[in-house]
Amino acid sequence: MSGGPARVVACPDGPLLVRGDVEVVDPDGRPVERHRRTVALCRCGATGIPPWCDGSHKVVGYRTPRPETPPAP
Amino acid sequence: MTMPLPAPRGPASAALLDLLTTAPADADVTGLDRAVGDALVATEDVLRDEDLQLTLLCLYELHYGGLTGVDDAWEWSPALLGVRARIEAVHEAALRDRVPVPEVPDDAGAGDVAETLFALAAEDTGPGLSTFVARRATLEQVRELLAHRSLYHLKEADPHTWAIPRLQGRPKAALVEVQSDEYGGGDPERMHSALFARTMRALGLDDRPGAYLDHVPALTLASLNSMSLFGLHRRLRGAVAGHLAAFEMTSSVPNRLYGNGFRRLGFDEDATLYFDEHVEADAVHEQIAGRDLAGALAAQEPEVRDDVLFGAAACLALDTWVAQAQVGAWSAGRSSLLHPLPDLVPAALALPDGRAVPDGTAVPAGAPVRVGAPVPA
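Residues numbered from 1 in each chain as written. Chains lettered and ligands numbered in written order. Predicted model: local features only at pLDDT ≥ 70, side-chain atom pairs only at ≥ 80, totals over all residues. Heavy atoms only, no water.

Residues and elements named next belong to chain B. Counting residues in each nonpolar core, the largest one holds 92 residues, and the members touching the most others are Leu 80, Leu 117 and Phe 230. Per-element tally for this core: the top contributor is helix H15 (residues 305-331), with twelve residues. Looking at which domains feed residues into this core, each of domain 1 (11-98) and domain 2 (110-331) supplies at least three. Residue contacts for Phe 230: discarding those within four places in its chain leaves Leu 95, Leu 236, Ala 239, Val 240, His 243, Phe 310, Gly 311 and Ala 314. Core analysis: the second largest hydrophobic core is formed by 29 residues, Ala 147, Tyr 258, Phe 267 and Ala 323 among them. (Core = buried A, V, L, I, M, F, W, Y, C linked by side-chain atoms within 4.5 Å. Buried < 20%, exposed > 50% of the residue type's maximum accessible area, 1.4 Å probe, protein only. Helix = DSSP H or I, 4+ residues; strand = E, 2+ residues; numbered from the N terminus. Domains from an automatic or database assignment. Contact = heavy atoms within 4.5 Å.)

Residue and element names in this part refer to chain A. The omega torsion of the bond from Pro 50 to Pro 51 falls at 5 degrees, within 30 degrees of zero and hence cis. Position of Pro 51 relative to the elements: it lies in the loop between strand E3 (39-41) and helix H1 (56-60). Despite not being glycine, Asp 13 has its phi angle at roughly 60 degrees, a positive value. For Asp 13, a relative accessible area of 14% corresponds to the buried category.

Residue and element names in this part refer to chain A. Bridge count between strand E1 (residues 7-10) and strand E2 (residues 16-19): four bridges; the pairing is antiparallel. For Ala 10, the partnering residue across the bridge sits in E2 and is Leu 16. What sits between E1 and E2 in their antiparallel hairpin is a turn of five residues, with Asp 13 showing a positive phi close to 60 degrees. Inspection of the sheet shows E2 paired to E3 by three bridges, in the antiparallel sense. (Pairing = 2+ DSSP bridges.)

Now for the layout of surface pockets. Considering only enclosed or pocket space, the largest pocket measures out at about 1,000 Å³ in volume. When its residues are assigned to classes, the lining of the largest pocket shows 21 nonpolar, 17 polar and eight charged. (1 Å grid on protein atoms, 1.4 Å probe; cavity = no way out; pocket = protein on both sides within 12 Å on 5 of 7 lines; lining within 4 Å. Points joined across faces, edges and corners; volume = space filled by probe spheres on them. Nonpolar A, V, L, I, M, F, W, Y, C, P; charged D, E, K, R; others polar.)

Of the residues lining the interface, 19 residues belong to chain B; the matching set on chain A comes to 21 residues. Both sides of the chain B and chain A interface together cover about 1,600 Å² of buried area, and 48% of this is carbon and sulfur. Ranking the residues of chain B by area buried against chain A places Glu280(B), Val284(B) and Gln287(B) at the top, with a combined share of 31%. Across the contact surface, chain B and chain A share seven salt bridges. With a closest N to O distance of 2.5 Å, Arg36(A) and Asp181(B) form a salt bridge. Put simply, chain B and chain A have ten residue pairs in polar contact (both at pLDDT 80 or more) between them. Contributions of two or more residues to the side of chain B that touches chain A are made by helix H9 (169-182), helix H13 (252-264) and helix H14 (269-300) of chain B. (Buried area = accessible area lost by both parts, 1.4 Å probe. Salt bridge = Lys/Arg side-chain N within 4 Å of Asp/Glu carboxyl O. Polar contact = N/O pair within 3.5 Å; in protein donor to acceptor, adjacent residues only side chain to side chain.)

Turning next to the pattern of salt bridges. Scanning the model with the defined rule gives 27 salt bridges over all chains in all. Measuring nitrogen to oxygen at the nearest pair gives 3.1 Å for the salt bridge that ties Arg263(B) to Asp276(B). One end of the pair, Arg263(B), is in helix H13; the other, Asp276(B), is in helix H14, with 13 residues separating them in the sequence. Looking at Arg263(B), the relative accessible area reads 35%, which means it is partly exposed. Residue Asp276(B) is classed as partly exposed on the basis of its relative accessible area of 28%. Three or more residues joined by partner-sharing salt bridges are found here, namely Arg36(A), Asp181(B), Arg190(B), Glu277(B) and Glu280(B).

Moving on, we get to the side chain of Asp307(B). All names here are of chain B. With respect to the helices and strands, Asp 307 occurs in helix H15. Since its relative accessible area comes to 14%, Asp 307 is described here as buried. With sequence-adjacent residues up to four places away left out, Asp 307 is seen in contact with Arg 96, Arg 235, Leu 236, Gly 238 and Ala 239.

Next up, the structure:
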């Protein structure tokens, strides 16, 4: 990640994918050790390894709202 | 490190192994060509054919770490490439014939293809290999699991890496991003293949490439051979992208269960780090591989879109077939391998302080042992 701002991708039905220079801290402000450059933050609440995603959204059937279909011309 | 020459499993592999120990310049491939041709005519199921899958695996191994004592010039022998192509054609046809592939609309975007892949992976319930390992597998059975998987996981990520120069733009960046993490992000000890080797050593298994090749049945070889097939042909770049996406999409949750199984058997983080790492890593990789690699490639190059779906479906089908064979054998009280593994060697399983490892094998304190010493054959 050179230069540009950190980017977060809200993955449909899944986690928040974070690329770039972001410090992840716990509720007391202590840094959470990051093992890789790109990380996935749990969004469904079901992960066993918070704050990271462990794929549990698929097990619990987590669904994000679908973007509205553009109206027909 | 090169892989030792395996034992032949029939006339085709015997002819190849004979040939590979000669010098490429003065070799005559007509015998091999005939043996392979006969085997292809005779086989009832190329994916379960011990002789043909071993032959194909050895031919592909020339492009990876190589085979011990075999001249590197064989890698680009036109005659051997011709033999390989004959087996590949039948292998690919068998996959295309047996693997149902979902359809997507012609105007499907990257997100649509990714959603189709996630749905396909979610449908794939399989025979419950990871649940079996979590709840019931014995030490002997999890050692068998590692022996099966060692063929791929000791070269984890390599077959998909072949695709990097065949891609452009977003799919290429995505594949490099995933592979960089697979290769440890610059730390050789965190390479996934190195973590897998560590798990093998923790279970007293030999982590050298191909140490258990002679034990591993055709279907498991076919699974790795399919990855090599997809990876080594630019024509199949869609399939390799789809394969990786499906592989990553069916990894996080099963790896949590594998780790639980190893913990249930008494192993600690030294053995489970590999699985724990994959729980976290593959939850990241499945998003990148599904959307930015496979989905984006399908949108960028619509002519390979169907192969993206085929590669994913083939990955899931092969995993299911391999898992069915393993769970089926274990449930029936049999070994899932061609020959059971050598017995545990106590010295290789001793902890540095002499405590016994979880199989209960006692080793005297202070015995001169090394954790993870290779097990003699």
